[in-house]
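Summary of the model geometry
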Protein chains: 2
Amino acid sequence: MDKPNVVSACVLIIGNEILSGRTQDLNLQYIAQTLGEQGVTVREARVIPDDRDIIVDAVKYASATYDYVLTTGGIGPTHDDITAECIAAAFGVPLVNHPEIEIRIRGREAPADVMASRLLMARVPEGATLIENLTGGPQGFSMENVHVMAGIPAVLQAMLPNIEFSGGDTVKSRSVRAFMGESEIATKLGELQKQVPSVDIGSYPFHRDGIYGTTLVVRGTKLDEVEATVEEIRGIIRSRGSEPGEVNEGDGA
Amino acid sequence: MDKPNVVSACVLIIGNEILSGRTQDLNLQYIAQTLGEQGVTVREARVIPDDRDIIVDAVKYASATYDYVLTTGGIGPTHDDITAECIAAAFGVPLVNHPEIEIRIRGREAPADVMASRLLMARVPEGATLIENLTGGPQGFSMENVHVMAGIPAVLQAMLPNIEFSGGDTVKSRSVRAFMGESEIATKLGELQKQVPSVDIGSYPFHRDGIYGTTLVVRGTKLDEVEATVEEIRGIIRSRGSEPGEVNEGDGA
């Protein structure tokens, strides 16, 4: 059987500021797209508070359940930055100063209490490896299958490309538009989905500039199957007396 | 003891399109802010795929753990809209046609297969009550402490104000800016947080228009405690030889 090789990931978004609505998360979409290009599928994301027990439990669960775990947030120098100690607790290892980070931090002079705070950012779980990051922001690290990154999007985006993933088959995606409501084609789409279980047909209503319609997105690991399914959907749309519309891939619609 | 009355919520964001990165979620922030104003605190959010077992398990967990559960997505008429049947399964009740929705749908003529698809949107778990929605979009409903809404932000925003929540104490928030790195004040902030456990001090570095700094956000149910803590933080910033900056509340910084 030619089963697709699926490599999975879970994203843990750590931070009270996301849960309170103060900050709009922008990292999940970036991570999902970046991993998708490398054949890693995000299967779950959790937004959790700066709470030690909750973070430790979530890391244990995600690390055991998925091939990769990516965390965002909580790696700065303040009292609410508790991600590193939670990762250490989840893996049952001590938190230690990483010599490489410590040397770099000590290289920039500061009053004693400021230095003490900065040195909190040198702490990683024993056995962790560092994630390269040219922004000079807080240090990310990897512990087994868990990759720990900053919450600030610009810093996260400087870290993520430096993590290596062994991806599975990459998912290809093609879309087509129907200028009609979902109900017009829902029955036939459902039948088609049953005929082609190896691809995933998503239906997303849109309303833009006074035009209503439905975007149909076909995703799968085999491009020929994806394209053949889109062609079937074009036929379904035409059978309703309407010409299918093209979608500029990547325009988010 | 004058303990704050905390009412909690969990948000379940249902949809492959969020996990693939195709769509940026915009609902969590809106829900968190709207509930916060009513004294309901979002404690967790999960983004999960259009997968029956995963949705059922998440609904059971969230409904048992939190005062309120809000779901977004998966209530349209297509094969990938499985939220209603999953909520029914989670509560162990059958899925039934709601007479009020059915009458409304049948009032608009359509070919038999289109009508059949539209009628899928009349299905709610037995015992559910409807969420009013003037957009004419798919029907949201409430089942015990679980409130089921559309994923399209404009439709969700028409539904959420029509749900009644019995909130606890509302959380007040005040912010102040320090034009310095987090490490400069981290030690003193940590000490202050220990002295005032009833408020939550968050520290968020920012970089905008070439200016670096840290926004300190104090949150708590008692405004006098929140404001007194902000005043303490102003003193900490001044002790570093810098004048604290004001934050226009609501500018997201």
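The text that follows walks through the structure, step by step, so that each part is easy to find. (Residues numbered from 1 in each chain as written. Chains lettered and ligands numbered in written order. Predicted model: local features only at pLDDT ≥ 70, side-chain atom pairs only at ≥ 80, totals over all residues. Heavy atoms only, no water.)

1. Side note on the packing of helix α8 (residues 183–195) of chain B against helix α9 (residues 223–239) of chain B
Residue and element names in this part refer to chain B. For clarity, the cut-off: Helix axes are fitted only over the stretch in contact, all axes being lines through C-alpha atoms; the angle between N-to-C directions runs from 0 to 180 degrees. Secondary structure elements are taken from DSSP: a helix is a run of H or I of four residues or more, a strand is a run of E of two residues or more, and numbering for both begins at the N terminus. In this scheme, roughly parallel covers angles under 35 degrees and roughly antiparallel covers those over 145, while 65 to 115 is roughly perpendicular and the rest are oblique. Throughout, a crossing is termed right-handed when the near helix is turned clockwise from the far one, and left-handed when it is turned anticlockwise from it by less than a right angle. Contacts are assigned to residue pairs that have any heavy atoms within 4.5 Å of one another. Residues are sorted three ways: Asp, Glu, Lys and Arg are charged, Ala, Val, Leu, Ile, Met, Phe, Trp, Tyr, Cys and Pro are nonpolar, and all the rest, Gly among them, are polar.
Between α8 and α9, whose axes approach to 10 Å, the crossing angle comes to 155°. With respect to α9, the element α8 is oriented roughly antiparallel. Taken as a pair, α8 and α9 cross one another with a handedness that is right-handed. Counted together, I185, K188, L189 and L192 of α8 and T229, E232, I233, I236 and S239 of α9 form the full contact between these two elements. Considering only residue class, the contact of α8 with α9 consists of 5 nonpolar, 2 polar and 2 charged.

2. Focus: the environment of E100(B)
With respect to the helices and strands, E100(B) occurs in helix α5 (residues 99–106). Placed 47 residues apart in sequence, E100(B) and H147(B) show a C-alpha to C-alpha distance of 18 Å.

3. A look at unusual backbone geometry
Positive phi, normally seen in glycine, also occurs at E144(A), with a value near 50°. Tracing the chain through its elements places E144(A) in the loop between β7 (140–143) and β8 (146–149).

4. Side note on the pairing of strand β8 (residues 146–149) of chain B
Residue and element names in this part refer to chain B. To keep it simple, the criterion reads: Each residue's exposure class comes from its accessible area (1.4 Å probe, protein chains only) as a fraction of the maximum for that residue type: buried when under 20%, exposed when over 50%, partly exposed otherwise. Two strands make a pair as long as DSSP finds a minimum of two bridges between them.
Residues V146 and V148 of β8 are buried on one face, and the alternating residues H147 and M149, pointing to the opposite face, are buried as well. Where strand β3 (residues 68–72) lies against β8, 4 bridges are found, and the strand directions are parallel. Note that in β8 the partner of T71 across the bridge is V148. Inspection of the sheet shows strand β7 (residues 140–143) paired to β8 by 3 bridges, in the antiparallel sense.

5. Quick word on the interface of chain A and chain B
Stated formally: Criterion for a salt bridge: a side-chain nitrogen of Lys or Arg within 4 Å of a carboxyl oxygen of Asp or Glu. Under the rule applied, a polar contact is a pair of N or O atoms within 3.5 Å (in protein, one hydrogen donor and one hydrogen acceptor; residues adjacent in sequence only if both atoms are side-chain atoms).
Facing 57 residues of chain A, the contacting portion of chain B comprises 57 residues. Our count for the contact surface shared by chain A and chain B stands at 6 salt bridges. Residue D51(A) pairs with R43(B) through a salt bridge whose shortest N-O separation is 3.8 Å. The tally of links from chain A across to chain B stands at 24 residue pairs in polar contact (both at pLDDT 80 or more). Elements supplying a minimum of two residues to the side of chain A that touches chain B: α1 (16–19), α2 (27–37), β2 (40–48), α6 (112–119), α8 (183–195), β10 (200–208) and β11 (211–220) of chain A. If one sorts the elements of the side of chain A that touches chain B by residue count, α8(A) sits on top with 7 residues. Counted by class, the side of chain A that touches chain B contains 22 nonpolar, 19 polar and 16 charged residues. Examined bridge by bridge, β2(A) and strand β2 (residues 40–48) of chain B share 3 bridges and lie antiparallel to one another. By the bridge assignment for β2(B), V47(A) is matched with A45(B).

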